[in-house]
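Residue-level listing of the chains:
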Amino acid sequence: MSDTKTLIENRPPSVATLFGERVAATPDAEAFRYPVPSATGQGPDDWKSLSWAGTAERVYAIAAGLIAIGVAAEDRVALLSATRIEWILADLGVMCAGGATTTVYPSTNAEESAYILSDSGSRVLIAEDASQLAKVRERRAELPELAHVVVIDAEGVTEDPADPDGWVLTLAELEQRGAQYQESHPEAVKERVGAITRDQLATLIYTSGTTGRPKGVRLAHDNWSYMAKAIAGTGLLSKEDIQYLWLPLAHVFGKVLTSGHIEVGHVTAVDGRIDKIIENLPVVQPTYMAAVPRIFEKVYNGVAAKARAGGPAKYKIFRWAADVAREYAKASQDSFRRTGVASAPFALRAKHKVADTLVYAKLRDAFGGRLRAAVSGSAALSPEIGYFFSGAGIHILEGYGLTESSAASFVNPGEAYRTGTVGKPLPGTEVRIAEDGEVLLRGPGIMAGYHGLPKETAEVLESDGWLHTGDIGELSPDGYLRITDRKKDLIKTSGGKYIAPTEVEIQFKAICPFVSNILVIGADRNFCTALIALDEPTLLGWAKEHGLEGRSYAEVLAAPATSELVQGYVDRLNGGLQRWQTIKKFRLLPRDLDVEHGDLTPSLKLKRPAVERQFTHLIEEMYAGSREA
């Protein structure tokens, strides 16, 4: 612990400095892998490697190019792109130029993109392609401060007579300008990095927020330098690891992974295409990856659906193996807690060995066969799904943090992880639970405040540095945190009973393999109801086996057999709840909840008010005549 404390206390002022140290220490070591289309244009992608020295060459060229086009210290440079190697190179280039990266999700529409660019005062935008460029061209009149747009992928980019001279350039052109600038100003980038101070703005991340306009969270260089050292201090990662990075880098969870990567010096394989995850895992063979709960839920439901499609015998084996996995995981974790050694009773070990051959080994192979640990964050993971993966040999370490705390405030500690908790605080982070159960955080990862919003900052950040997270939680005597719900999401029924909807929702996700999303409703009502969205492929697979083959998704949803199917799972859920928590009625949604319709944030968090507004008619239908109910 003293070594970790020294590591953190002696951190440099910025990740830009850490990056230079990493390059100097291991210039020829592999830093990144990234996909490129195969030479024939058909079949799977080829993967290329980039050494730390090769990374530095491109990063410093981008940094010099930004300096050449007028980017000064703390000037905002926005990034509007999906996760790809160029995102990381550009972000590091901005950092090494002394600028501040403003992140924008590629799914953000033109209006909101313009709002973020305007509110942040961004002077340069690095856009992924022609479609992202089109968003700012559409709103250019609202962006007088935007001096340049740099396009990563120039294919399909056409000239627009309305563009000012030199307003659009490609990333290749920016790097070329940077290389030329370095010839006449060889020390320019080094001087910019050397001038960075701890409290200088490094990143402006706009919270995707479940309500209202997004707020810009101001994170200084020291936040990321601390995160890099604290992640290394957990001991969870080593130089031998291979990380598969697909998370949106516009989100703080994705962003923090790049800081830890630079400090530890392992290999990171980068590809943000979600539809390529299943294809990429056996190719990359990661030892470590981070994901959000929805990914693990989808994998679990997919495996269950595949087993069901294999016939009753195969499905029975899967269900037995799933029960064994959970029992084995609970026994192993309990044993480790008591003795420091993970073990299970002999009879359970024997069953586990059989189940491993029949089910678990194939599941591990689907993840590449070498996955040592997966970190889950951004939302709560159902403990039952967590125990299943744990027992199958895929160890999911839940973590916790906010954009306002630079993402990683808690993480489960390796072998000592406890499913259903978010682990212990990172070294250097303090936690306390307020009288009303709210989790408060303090430490070097906490934001400076919201950009241009002093009132909103004061509402969550106390003068002595404690951040109000808005989450309700419980701390175990030995420091493990369990998050129970969002403070603002707690439901109080008309009968005066408090309900944590998230707890009920994650229980249902563990029970029902057909669910995609669920929203529990009951505030100021005399009973609870739910809006339930089903997973279309899984449901249609079930429909084939139950006399509904050939029918559309809408027709299958409307079939009485589908309501009966879901009612059975609701009854199972209710059997484990307090009377006032039980779901008395539910409605099936005509479509899944998604980012495009505004139901979910880009990090896949449920936007409860938006969903309730969208489906008010279904909610009112469930409560019609409820006074007599």
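First things first, this report covers the structure right here in the doc.

Cut-offs used in this document
Here the residue numbers are simple positions, counted from 1 along each chain's written sequence. This being a predicted model, a pLDDT of at least 70 is required before a residue's local features are given, and a value of 80 or more before pairs of side-chain atoms are given or counted; all residues contribute to the totals for chains, interfaces and linings. Hydrogens and water molecules were not included; the side-chain quantities draw on all heavy atoms of the structure. Here the rule is simple: two strands pair whenever DSSP picks up at least two bridges between them. Counting from the N terminus, the helices are the DSSP runs of H or I reaching at least four residues and the strands are the DSSP runs of E reaching at least two. Orientation is described by lines fitted to C-alpha atoms, with helices fitted over the stretch in contact, and by angles between N-to-C directions that extend from 0 to 180 degrees. Put simply, a disulfide is two cysteine sulfurs that come within 2.5 Å. Relative accessibility under 20% of the residue-type maximum defines a buried residue, over 50% an exposed one, and the middle range a partly exposed one, all with a 1.4 Å probe and only protein chains included. Two residues form a contact once any of their heavy atoms are found within 4.5 Å. Here a polar contact means two N or O atoms within 3.5 Å. Within protein one must be a hydrogen donor candidate and the other an acceptor candidate, and residues neighboring in sequence count only if both atoms are side-chain atoms.

Within the open sheet, the four strands sit side by side as β17-β18-β20-β21. Their pairing is antiparallel. Each edge of the open sheet carries a strand with a single partner, namely β17 (430-433) and β21 (481-486). For this sheet, the mean angle separating the axes of adjacent strands, direction not counted, is 50°. Note: strand β20 (residues 467-475) against β21, five bridges, orientation antiparallel. What sits directly across from Leu-475, in β21, is Leu-481.

A complete count under the given rule lists zero disulfides for this structure. We note that Cys-512 lacks a disulfide partner, and the nearest cysteine sulfur, in Cys-528, lies 18 Å from it. Since its relative accessible area comes to 1%, Cys-512 is described here as buried.

Time to look at the environment of Cys-512. Positionally, Cys-512 belongs in the loop between α17 (501-511) and β24 (515-521). Along the chain, Cys-512 and Thr-197 lie 315 residues apart, while their C-alpha atoms are 51 Å from each other. Setting aside residues up to four positions removed in sequence, Cys-512 forms contacts with Asn-301 and Tyr-569.

Moving on, we get to the environment of Ala-24. Within the secondary structure, Ala-24 is located in helix α2 (residues 15-25). Given the relative accessible area of 63%, Ala-24 is considered exposed. In the structure, Ala-24 is positioned 247 residues away from Asp-271 in sequence and 26 Å away in space, judged by C-alpha atoms.

On to the sheet that holds strand β25 (residues 528-534), then. Pairing in this open sheet of three strands is mixed, and the strands run β24-β25-β26 from one edge to the other. The sheet is open, and its two borders are formed by β24 and β26 (583-588), each paired with just one other strand. Strand-to-strand, the axes of this sheet are offset by a mean angle of 25°, without reference to chain direction. Where β25 meets β26, five bridges bridge the pair, whose relative direction is parallel. Paired with Leu-531 across the two strands is Arg-587, which belongs to β26. Packing against the sheet, helix α20 (residues 560-574) makes contact with β25 and β26, and its axis sits at approximately 145° to β26.

On to the side chain of Asp-91. Take Asp-91: it is sitting in helix α4 (residues 85-96). Within polar-contact distance, the side chain of Asp-91 engages the side chain of Lys-255 at 2.5 Å. In contact with Asp-91, not counting residues within four places along its chain, are Leu-79, Thr-101 and Lys-255.

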